[in-house]
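Secondary and tertiary structure notes
The chain contents come next:
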Amino acid sequence: IQSFETTNLKELARWTRVPLVQLTSATGAPYDLVAQGDDTTYADLMTPEGLRGVARYARWLGPEKASVIPREADGTLGEPTDVVHDAHRAGLKVVAYTFRAENQFLPVDYWLGTDPNARGDLHDELLAYFAAGLDGVFSDFPDLAVAARKDWSRARR
């Protein structure tokens, strides 16, 4: 079960053994906390302290992919942040979202051609994210994600 809110996941943690995923965004805050007047943001949840708190009720962190590897000002893929490492230290697995194959959703260094709607090199973008330590991904192209994960795993042997 996945949610961008925290209150429902905390409640569900008491009722079910189903793995829970705390989704986060690169900006903003959980709506339930905003509605309660709590100023905790998604960035706060992704600090080492925040991740230890998330690990009390969830098994997975589901960050927006830009929280794992942001893009540079020129649109190329930047360097990984510490969020995956910190989440793993807190005992969480990490599944980032959303990986799409169209150029317009890829860093410019993974574009193939200039048409924003054409397919780019999702495979190599995924390899970069798996190398950053992701345990899983949400993708609109699961066949490409599975193939990239297999290739990444083979290369590590």
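Here helix α7 (residues 122-131) has its buried residues at Leu122, Glu125, Leu126, Tyr129 and Phe130. The arc that holds the buried residues of α7, viewed along the axis, is 140 degrees, so those residues lie on one side. Contacts from the buried residues of α7 go to α5 (65-68), β4 (93-99), β5 (136-139) and α8 (142-156). Remark: Gly133 follows α7 within two positions and exhibits a positive phi of approximately 105 degrees.

It is worth spelling out the nonpolar core at this point. Of all hydrophobic cores here, the largest spans 34 residues; its most connected members are Leu61, Val68, Phe99, Leu122, Leu126, Tyr129 and Leu134. At the level of secondary structure, the elements contributing two or more residues to this core comprise α3 (42-45), α4 (48-54), α6 (83-89), β4, α7 and α8. Take this core: its biggest share by element is four residues, from α7. Residue contacts for Leu61: discarding those within four places in its chain leaves Val21, Gln22, Thr24, Met46, Leu51, Val83, Ala87, Leu92, Lys93, Val94 and Val95.

Right, let's talk about the side chain of Lys65 for a bit. Mapped onto the fold, Lys65 is located in helix α5. For Lys65, a relative accessible area of 9% puts it in the buried group.

Now for the sheet that holds strand β1 (residues 2-3). Strand order in the open sheet made by the five strands is β1-β2-β3-β4-β5, with parallel pairing throughout. Only two strands of the sheet have a single partner each, and these edge strands are β1 and β5. Bridge count for strand β2 (residues 21-23) against strand β3 (residues 60-62) is three bridges, and the pairing is parallel. Opposite Val21, over in β3, you have Trp60 as the bridge partner. Lying on the sheet, α7 is in contact with β4 and β5; it crosses β4 at an angle near 155 degrees.

Turning next to the pairing of β5. Here three bridges tie β4 to β5, and the two strands are oriented parallel to one another. Across the sheet, the residue bridging to Phe99 is Ser139, located in β5. Handedness of the β-α-β unit built from β4, α7 and β5 comes out right-handed.

Now for a negative patch on the surface. Residues Glu72, Asp74, Glu79 and Asp109 make up a contiguous surface patch of negative charge. Along the polypeptide, Glu72 turns up in the loop between α5 and α6. Looking at Glu72, the relative accessible area reads 43%, which means it is partly exposed.

Another aspect to go through is the packing of aromatic side chains. For the structure shown, the criterion picks out four aromatic pairs. An angle of 70 degrees between the planes, with centres 6.2 Å apart, marks the rings of Phe4 and Tyr42 as edge-to-face. One end of the pair, Phe4, is in the loop between β1 and α1 (7-15); the other, Tyr42, is in helix α3, with 38 residues separating them in the sequence. Look at Phe4 and you get partly exposed, because its relative accessible area is 34%.

Relative orientation of the contacting elements α7 and α8 amounts to 55 degrees, with a least axis distance of 9 Å. The pairing of α7 with α8 is recorded here as oblique in orientation. For α7 against α8, the interelement crossing comes out right-handed. Between α7 and α8, the residues in contact are Leu122, His123, Leu126, Leu127, Phe130 and Ala131 and Leu144, Ala145, Ala147, Ala148, Arg149, Asp151 and Trp152, respectively. For the contact of α7 with α8, a count of residues per class yields 10 nonpolar, one polar and two charged.

About the cut-offs
Residues numbered from 1 in each chain as written. Predicted model: local features only at pLDDT ≥ 70, side-chain atom pairs only at ≥ 80, totals over all residues. Heavy atoms only, no water. Buried < 20%, exposed > 50% of the residue type's maximum accessible area, 1.4 Å probe, protein only. Helix = DSSP H or I, 4+ residues; strand = E, 2+ residues; numbered from the N terminus. Arc of directions from axis to C-beta. Contact = heavy atoms within 4.5 Å. Core = buried A, V, L, I, M, F, W, Y, C linked by side-chain atoms within 4.5 Å. Pairing = 2+ DSSP bridges. Axes fitted to C-alpha atoms, helices over the stretch in contact; angles between N-to-C directions. Right-handed = clockwise from strand over helix to strand, strands pointing away. Patch = residues over 30% accessible without salt bridge, like charges linked within 9 Å, V, L, I, M, F, W, Y side chains within 5 Å. Areas by Shrake-Rupley, 256 points an atom, 1.4 Å probe, with all protein chains shown as cover. Salt bridge = Lys/Arg side-chain N within 4 Å of Asp/Glu carboxyl O. Lys, Arg positive; Asp, Glu negative; His and termini not counted. Charge placed at Lys NZ, Arg CZ, Asp CG, Glu CD. Phe/Tyr/Trp six-rings, centres within 6.5 Å; stacked < 30°, edge-to-face > 60°. Parallel < 35°, antiparallel > 145°, perpendicular 65-115°, else oblique. Left-handed = near helix turned anticlockwise from the far one by under 90°. Nonpolar A, V, L, I, M, F, W, Y, C, P; charged D, E, K, R; others polar.

Everything listed is a geometric property; what it means functionally is a separate question.
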